[in-house]
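# Structure assessment
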Amino acid sequence: MGVGLVVVGPEAPLVAGLSNDLVKAGIPSFGPSSEAAALEGSKNFMKNLCDKYGIPTAKYQTFTDPAAAKQYIQEQGAPIVIKADGLAAGKGVIVAMTLDEAYEAVDLMLVKGAFGSAGSQVIVEEFLEGEEASFFALVDGENAIPLESAQDHKRVGDGDTGPNTGGMGAYSPAPIITEELQSLVMKSIIIPTVKGMAAEGCRFVGVLYAGLMIEKKSGLPKLIEYNVRFGDPECQVLMIRLESDLAQVLLAACKGELSGVSLNWSPGFAMVVVMASKGYPESYEKGTVISNLEEAELVAPSVKVFHAGTNLDSDGNFIAVGGRVLGVTAKGKNLEEARERAYRAVEEINWPGGFYRRDIGWRALPRGQFATKL
């Protein structure tokens, strides 16, 4: 039996060239070549593309010499953002509120080598004020079609406190992305990227996940970064709302046939709450037992528990083997209903070794809905 389609999930195999090898073997692969995955694999590559093709982004400079980086920081002032150029598992970005913090970040990356080769070149860029949003588009090399929007929650703690994580929950759609803003993002950011990549000889096939800042002072979207894959946990809320046949759409993208494809989405909202091992994003215990997962999916219609870091032990119990372990997802006619269903399912799950944020969706919901239940 032949393989009809491979969808490559994480960024590391994409940057390493897995899609290139699959295409050579004649297997349709949804995900960019290693050359095109540089959009995520090298922030400098992404910024240079923005410069060349007039894509709005924060102003920046790239450095390998710590003294030159600090000189530039001194001229620009704080707050300022320091980024490792390469892949650092989502941890290579430091928002420095003072000059001293910025100098320290430069030393951490360029002198102490905290991020290995990923941090041997750093980008120093302007601090943008505004609201962040995630924007997704499917790309076939020439054409791009927008997916629905989603809003992630990166910080580990309630009220957006504590260290950054891979994401503790998300909801879709994100009210900040209006129809007008969607067409502006497609026109000013996504389409110029797709055309620019083709012109550079590295056609992009896959998902473009744009991290945007809707700038406070101009109200306009600026590109912060690209991921070249479906994000986790944003993917879960998009997939639970997608009514079209995903495999057909991805296959069309592989064949360069996205032009004229339209997607159907369920109305209303979806929310995912991530359950993580206690201690995450620092060190955490593995092997803690999780029960009541089937019961959790029955608490309300349209509840789905996605497994990310689970395994079965010798007695057939589910155990936690990762940091972010479960994505408890639900749909509702509005965000309130989606939230109520997702949290009801979370509370049904019996996992003393886990924790979760209790305020996913807080930016989009009226205040007073988050009386913390301990």
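Here the structure is a predicted model, which means the values were calculated and not measured. Each residue is numbered by its place in its chain's sequence as written, counting from 1. pLDDT decides what is reported in this predicted model: residues at 70 or higher carry local features, side-chain atom pairs at 80 or more are listed and counted, and totals for whole chains, interfaces and linings draw on all residues regardless. Heavy atoms from the whole structure form the basis of all side-chain values; hydrogens and water molecules are not counted.

### Remarks on the overall build of the protein chain
Note on conventions: DSSP H or I runs of at least 4 residues are helices, E runs of at least 2 residues are strands, and numbering of each starts at the N terminus. Looking only at helices and strands, the protein chain features 11 helices and 21 strands. For 374 residues, the compact-globule formula gives about 21 Å, and the C-alpha radius of gyration of the protein chain, at 21 Å, lands near that figure. With the principal axes as the frame, the protein chain shows a C-alpha extent of 55 × 50 × 45 Å. A 1.4 Å probe rolled over the protein chains alone gives each residue an accessible area, and that area as a share of the maximum for its type sets the label: buried under 20%, exposed over 50%, partly exposed in between. Sorting the 374 residues of the protein chain into buried and exposed places 50% on the buried side. Any two residues whose heavy atoms approach within 4.5 Å are treated as being in contact. Taking contacts inside the protein chain between residues at least 6 apart in sequence as the whole, the part at least 24 apart equals 67%. Shrake-Rupley sampling with a 1.4 Å probe provides the accessible areas, and residues are treated as covered by the protein chains on show and by no other component. Summed over its atoms, the accessible surface of the protein chain is roughly 16,900 Å², and 51% of this surface lies on carbon and sulfur atoms. Here the globule rule reads 2.2 Å times residues to the power 0.38, and the radius of gyration is calculated from C-alpha atoms.

### Observations concerning helix α4 (residues 43–53)
All of the buried residues along α4 are K43, N44, M46, K47, L49 and C50. Positive phi shows up at G54, right after α4, with a value of about 65 degrees.

### Points about the nonpolar core
Among the nonpolar cores identified, the biggest contains 33 residues, and L39, I190, L212, L223 and Y226 are the most heavily contacted of them. Elements represented by at least two residues in this core include exactly α4, β7 (130–140), α7 (179–199), β13 (205–215) and β14 (221–227). Top contributing element to this core by residue count: α7, with 7 residues. For L212, the residues in contact, after removing those within four places along its chain, are E131, E132, A133, F135, I177, V185, I189, K222, L223 and I224. Judged by nonpolar contacts, the second largest core, of 28 residues, contains L293, A300, V305 and A320. To define a nonpolar core, start from buried Ala, Val, Leu, Ile, Met, Phe, Trp, Tyr and Cys residues and group those joined through side-chain atoms within 4.5 Å.

### Description of the packing of helix α5 (residues 66–76) against helix α6 (residues 99–111)
Between two packed helices, both the angle of their axes relative to each other and the distance between the axes serve to describe the pair. In contact at an axis separation of 10 Å, α5 and α6 are set at 160 degrees when each is read in the N-to-C sense. The pairing of α5 with α6 is recorded here as roughly antiparallel in orientation. As α5 packs across α6, the resulting crossing turns out to be right-handed. Touching P66, A69, K70, I73 and Q74 of α5 are L99, A102, Y103, V106, D107, L110 and V111, all from α6. Axis definition: a line fitted to C-alpha atoms, limited for helices to the stretch in contact. Angles are taken between N-to-C directions and run from 0 to 180 degrees. Any angle from 65 to 115 degrees is called roughly perpendicular, while one under 35 is roughly parallel, one over 145 is roughly antiparallel, and all others are oblique. If you view the pair so one helix is near and one far, a crossing is left-handed when the near helix is turned anticlockwise from the far one by less than a right angle, and right-handed when it is turned clockwise.

### Quick notes on a nonpolar patch on the surface
Patch criteria: residues need more than 30% relative accessible area and no salt bridge. Like-charged residues are merged within 9 Å; nonpolar side chains of Val, Leu, Ile, Met, Phe, Trp and Tyr are merged within 5 Å. In what follows, salt bridge is the name for a side-chain nitrogen of Lys or Arg lying within 4 Å of a carboxyl oxygen of Asp or Glu. There is a patch of nonpolar side chains on the surface, built from V93, V95, M97 and F127 and spanning about 310 Å² of accessible area. Among the residues examined, V95 registers a relative accessible area of 42% and is labelled partly exposed.

### Concerning the confidence of the model for the protein chain
With 95% of its residues at a pLDDT of 70 or more, the protein chain shows a mean pLDDT of 90. For residues 368–374, every residue scores under 50 in pLDDT, and the model assigns this stretch 12 contacts once sequence neighbours within four places are set aside. Each residue carries a pLDDT value, the predictor's own confidence for that position, ranging from 0 to 100.

### Comments concerning the packing of α4 against α7
The N-to-C vectors of α4 and α7 enclose an angle of 100 degrees; their axes lie 10 Å apart at closest approach. One element, α4, and the other, α7, form an angle in the roughly perpendicular class. Side by side, α4 and α7 meet where F45, L49 and Y53 of the first sit next to P192, T193, G196, M197 and A199 of the second. Its residues placed into classes, the contact of α4 with α7 shows 6 nonpolar, 2 polar and no charged. Note on residue classes: Ala, Val, Leu, Ile, Met, Phe, Trp, Tyr, Cys and Pro are nonpolar, Asp, Glu, Lys and Arg are charged, and everything else, Gly too, is polar.

### As for the pattern of salt bridges
Counting across every chain of the model gives 19 salt bridges. A salt bridge links E215 to K222, with the shortest nitrogen-to-oxygen separation between them at 3.5 Å. Residue classification places K222 among the buried positions, given a relative accessible area of 18%. For the salt bridge of E297 with K304, the shortest nitrogen-to-oxygen distance reads 4.0 Å. With relative accessibility at 28%, the residue E297 sits in the partly exposed group. Residues joined in a network through salt bridges with shared partners are E11, E40 and R229.

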